[in-house]
Amino acid sequence: MIEITDLHKSYPVGNRKLHVLKGINFSAQEGELISIMGSSGSGKSTFLNILGILDEGDEGKYLLDNTPIKNLSEKVAANYRNQFLGFIFQSFNLINYKTALDNVALPLYYQGVNRKERLEKSLFYLEKVGLADWADHLPSELSGGQKQRVAIARALASDPKVLLADEPTGALDTKTSYEVMDLIQQINDEGKTILIVTHEPDIAKMTKRIVHLKDGLIIKDERIEPVKAMANV
Amino acid sequence: MFNIERWQEIFEAISKNKLRTFLTGLSVSSGIFILIILLGVAEGLKKGIKKQFEQDIPTKIQIFPGTTSKGFKGLNPNRRIKFNTSDYAHVTEKYKPEIQYQATNLVKYGGVTTYEDKNGNYILYGTMPDNLFLANAYLIAGRFISEKDLKNKAKVVVLGQRPIKDLFDGDYKAAIGKIISINSIKFKVIGVYEDNGGERQDTYMYIPHSTITRIYNLTNDIGRMEFTLNPIEDYTTALNKAEDFAQRVTNQLKAKYSVHPDDLKGVRYYNALEGGKSFYMLNFGLKIFFWGIGILTLISGIVGVSNIMLIIVKERTKEIGIRKALGAQPKAIVNMILHESIFITIISGLIGLFAGIIILDIINNNLEIEFLLNPTVPFNVAVITLIILIIAGAIAGYIPARHASKIKPIVALRDE
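Reading the values: the criteria
- Residues numbered from 1 in each chain as written.
- Chains lettered and ligands numbered in written order.
- Predicted model: local features only at pLDDT ≥ 70, side-chain atom pairs only at ≥ 80, totals over all residues.
- Helix = DSSP H or I, 4+ residues; strand = E, 2+ residues; numbered from the N terminus.
- Buried ≥ 20, exposed ≤ 12 C-beta atoms within 10 Å, placed from the backbone.
- Contact = placed C-beta atoms within 7 Å.
- Pairing = 2+ DSSP bridges.
- Axes fitted to C-alpha atoms, helices over the stretch in contact; angles between N-to-C directions.
- Parallel < 35°, antiparallel > 145°, perpendicular 65-115°, else oblique.
- Left-handed = near helix turned anticlockwise from the far one by under 90°.
- Nonpolar A, V, L, I, M, F, W, Y, C, P; charged D, E, K, R; others polar.
- Core = buried A, V, L, I, M, F, W, Y, C linked by C-beta atoms within 7 Å.
- Expected span 1.5 Å × (residues − 1).
- pLDDT = per-residue confidence, 0-100.

Right, let's talk about the overall build of chain A for a bit. Scanning chain A for helices and strands turns up seven helices and 10 strands. The buried share among the 233 residues of chain A stands at 47%. Intrachain contacts of chain A at a sequence separation of at least 6 include 69% that bridge at least 24 residues.

With that out of the way, let us pick up the overall build of chain B. Secondary structure summary: chain B contains 14 helices and 10 strands in total. For chain B, buried positions account for 36% of its 416 residues. Taking contacts inside chain B between residues at least 6 apart in sequence as the whole, the part at least 24 apart equals 82%.

Walk down a regular strand and you will see the side chains alternate between the two sheet faces. Residues and elements named next belong to chain B. Burial of strand 6 (residues 179-182) is one-sided: the residues Ile 180 and Ile 182 facing one way are buried, the residues Ile 179 and Ser 181 facing the other way are not. Looking at chain direction, strand 2 (residues 99-115) and strand 6 are connected through two bridges and run antiparallel. By the bridge assignment for strand 6, Thr 113 is matched with Ile 182. Judged from the four bridges that link them, strand 6 and strand 7 (residues 185-195) form a sheet pairing that is antiparallel. By the bridge assignment, Ile 180 is partnered in strand 7 with Phe 187. A loop of two residues connects strand 6 with strand 7, the two strands running antiparallel in sequence, and Asn 183 in this loop sits at a positive phi of about 45 degrees.

Moving on, we come to the pairing of strand 7 of chain B. Residues and elements named next belong to chain B. Relative to strand 7, strand 4 (residues 137-142) runs antiparallel, the two being bridged by five bridges. Across the sheet, Tyr 138 pairs through a bridge with Glu 194, a residue of strand 7. Here four bridges tie strand 5 (residues 156-159) to strand 7, and the two strands are oriented parallel to one another. Paired with Val 156 across the two strands is Lys 188, which belongs to strand 7.

Okay, the packing of helix 12 (residues 330-366) of chain B against helix 13 (residues 379-406) of chain B next. Residues and elements named next belong to chain B. It is the contact of helix 12 with helix 13, at a shortest axis distance of 8 Å, that shows an interaxial angle of 155 degrees. Taken together, the axis directions place helix 12 and helix 13 in an arrangement best described as roughly antiparallel. Every pair of crossing elements has a handedness; the one defined by helix 12 and helix 13 is right-handed. The residue makeup of the contact of helix 12 with helix 13, split by class, is 17 nonpolar, six polar and two charged.

So, on to the packing of helix 1 (residues 4-16) of chain B against helix 12 of chain B. All names here are of chain B. The N-to-C vectors of helix 1 and helix 12 enclose an angle of 65 degrees; their axes lie 10 Å apart at closest approach. In this structure, the crossing between helix 1 and helix 12 has a hand that is right-handed. Of the residues in helix 12, those in contact with Arg 6, Ile 10, Ala 13 and Ile 14 of helix 1 are Asn 335, Met 336, His 339, Glu 340, Phe 343 and Ile 344. Of the residues in the contact of helix 1 with helix 12, the class split is six nonpolar, two polar and two charged.

Side chains of a nonpolar character, in soluble globular proteins, are inclined to be buried together. In this structure, A:Ile36, A:Val104, A:Ala153, A:Leu164, A:Leu195 and B:Ile36 are the most contacted members of the largest nonpolar core, which totals 105 residues. With residues near it in sequence (within four places) discarded, A:Val104 still touches A:Ser122, A:Tyr125, A:Leu126, A:Val150, A:Ala153, A:Arg154 and A:Ala157. Among the nonpolar cores identified, the runner-up in size contains 32 residues, and B:Ile145, B:Val156, B:Ile180 and B:Ile207 belong to it.

Here we come to the sheet that holds strand 10 (residues 217-223) of chain A. Residue and element names in this part refer to chain A. Strand order in the open sheet formed by six strands is 6-7-8-3-9-10, and the pairing between neighbours is mixed. The sheet is open, and its two edges are formed by strand 6 (85-88) and strand 10, each paired on a single side. Direction aside, neighbouring strands of the sheet carry axes that sit 20 degrees apart on average. In the sheet, strand 9 (residues 209-214) pairs with strand 10 via six bridges, with the strands oriented antiparallel. Its bridge partner lying in strand 10, Arg 209 is registered against Arg 223. Along the sheet face, helix 1 (residues 44-51) touches strand 3 (33-37), strand 7 (162-166), strand 8 (193-198) and strand 9 and points at about 155 degrees away from the line of strand 8.

Let us now look at helix 5 (residues 144-157) of chain A. All names here are of chain A. Compared with the 20 Å implied by 1.5 Å per residue over 14 residues, the 20 Å span of helix 5 between its first and last C-alpha is a close match. Burial runs high along helix 5: 12 of the 14 residues are buried. Those residues of helix 5 that fall on the buried side of the exposure criterion are Gly 145, Lys 147, Gln 148, Arg 149, Val 150, Ala 151, Ile 152, Ala 153, Arg 154, Ala 155, Leu 156 and Ala 157. Looking at the buried residues of helix 5, the elements they touch are strand 6, helix 3 (100-110), helix 4 (115-128), strand 7 and helix 6 (174-189). Immediately downstream of helix 5, the backbone of Asp 159 shows phi near 50 degrees, a positive value.

Residue and element names in this part refer to chain A. The four strands lie next to each other as 2-1-4-5, forming an open sheet whose pairing is antiparallel. Edge positions in the sheet fall to strand 2 (16-28) and strand 5 (67-68), since each has one partner strand and no second. Relative to strand 5, strand 4 (residues 59-64) runs antiparallel, the two sharing two bridges. Bridge pairing links Leu 64 to Thr 67 in strand 5.

All right, on to the interface of chain B and chain A then. Of the residues lining the interface, 20 residues belong to chain B; the matching set on chain A comes to 21 residues. When contributions to the side of chain B that touches chain A are tallied by element, the ones reaching two or more residues are helix 1, helix 11 (317-325), helix 12 and helix 14 (409-413) of chain B. Tallied by class, residues from the side of chain B that touches chain A come to nine nonpolar, four polar and seven charged.

Another aspect to go through is the confidence of the model for chain B. Summarising the model, chain B shows a mean pLDDT of 81, and 94% of its residues fall at 70 or more. Scored as a complex, the prediction yields pTM 0.63 and ipTM 0.87.

Have a look at this one:
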């Protein structure tokens, strides 16, 4: 599903260059649930942004579902994001004047799905995250956990190949975090490939594979038996 | 292209962001409103000031027949010169491209006029349709002499204020259609004019030129010729042109009637433009002044609309980032912002436009200020103003929208 070879990325800082990613080799198969761990400055967010075609590496090769991701125009990048990827952010990033349902429907709008079908599909995914009753509510009327679940429904709505989550539990308390992780595990059980960036070890333990990043390099890549999130709620 | 899905999305954004929509709309419509009011007041001031200063049309050229003062080609002095219809036809044909208004006027004093038991003595003017403009008079009832009246030698008359006061007790509306008797010939009153030129100008009775020549049996005397030339903005050019025109016509007539070229009395002309410099300068000054006001207000309107558009796009940077992360293409982002801004600008612009026009109309109907006459904005000017502001709003929205559409989603989404 994901094939990355010798990925480099550096940012200009003043006159100098800050080498963030120093040659990363990484691959992920379909159906994996992977967490990417590292302290701040380890390059994990940059890595995720490149995976999410929100940013581009300087060197190296990136194959997403056998499609090379290199020198894409804005238009093609937008298309790939829409087709291949679903995003979950730490700060949810819902559009505050749209209802939960309309937020979930937004990726489908950009796929050109008509309104009726869009709302039907969105309601289906809201039901899946247990928020069908909240469809007509604005984000400001939802709790943090509910917002993140709407965001997850939105990420699922376009039926992407890969879900990318950047600190999905970073803004939530422990109990709510585990509820969200439970939902993520359920989605993974249905076969979706999911990548989570986190710095919380207990969250990482709920995934099937932990990739440790330090100073722009993968220092450890281990497969583990995931802890069931439900057990901790 | 019209796309119902896109418009649904835009209407949602507009209707869910009521405050933002309202503020944008308010700034745009108040901008247009102020612009329209200013343009209207400027127009009214212009008309009012003009009216205060104008009495006779300042561009009129008159060619008079007279009595020769010098002998020439064996002819004695003191010979009376008279113009005939073919002279007039020749001049008007030859100078057709230059002439704006044209008429011949044959004046007869002592028009003894009676209506029922009232009577008076006024000046009888045999004239042509264009003379309404040449005399700078305007109708307050009925109509002026027409080409058809000329052709039919109709016995119709357009009265000034004096005969109306004497014969009809000032009731000018009642005069229309009445039969009055001038020197024992019956005429039908077809119109009443007003002239700011003075008391003398109020005592004229205009009848068709062909009718007066018939009554007085004057087929070979058409009286004087009067013209105005096509307007020219620049005073010096206009004056030179008028002078040249008057001299050419005069010389041609002098040659025809064997008048000595230096004879100042045989055929003479009067060029009103010579004394019209101050009027021209005033007109020019007013024009510059109000163009200045108009352009400055338009600029302030454009700045206002652009400013709002910039703020809106800035405020929506994060939303744009989210939309891009979800797969919105740059074009879709630009389209969304442009559609919204154009839609709001058009609707609120129209509201401001009509509010301005209504207010001007109220001012127009309720205020009597001498220097403010008829403060209206020509509709096409108003529409052009609106279109300029809409285009300005679109451009002002487009630049930041394009910029925003190029921002990388990670930058837009970065938490503060």
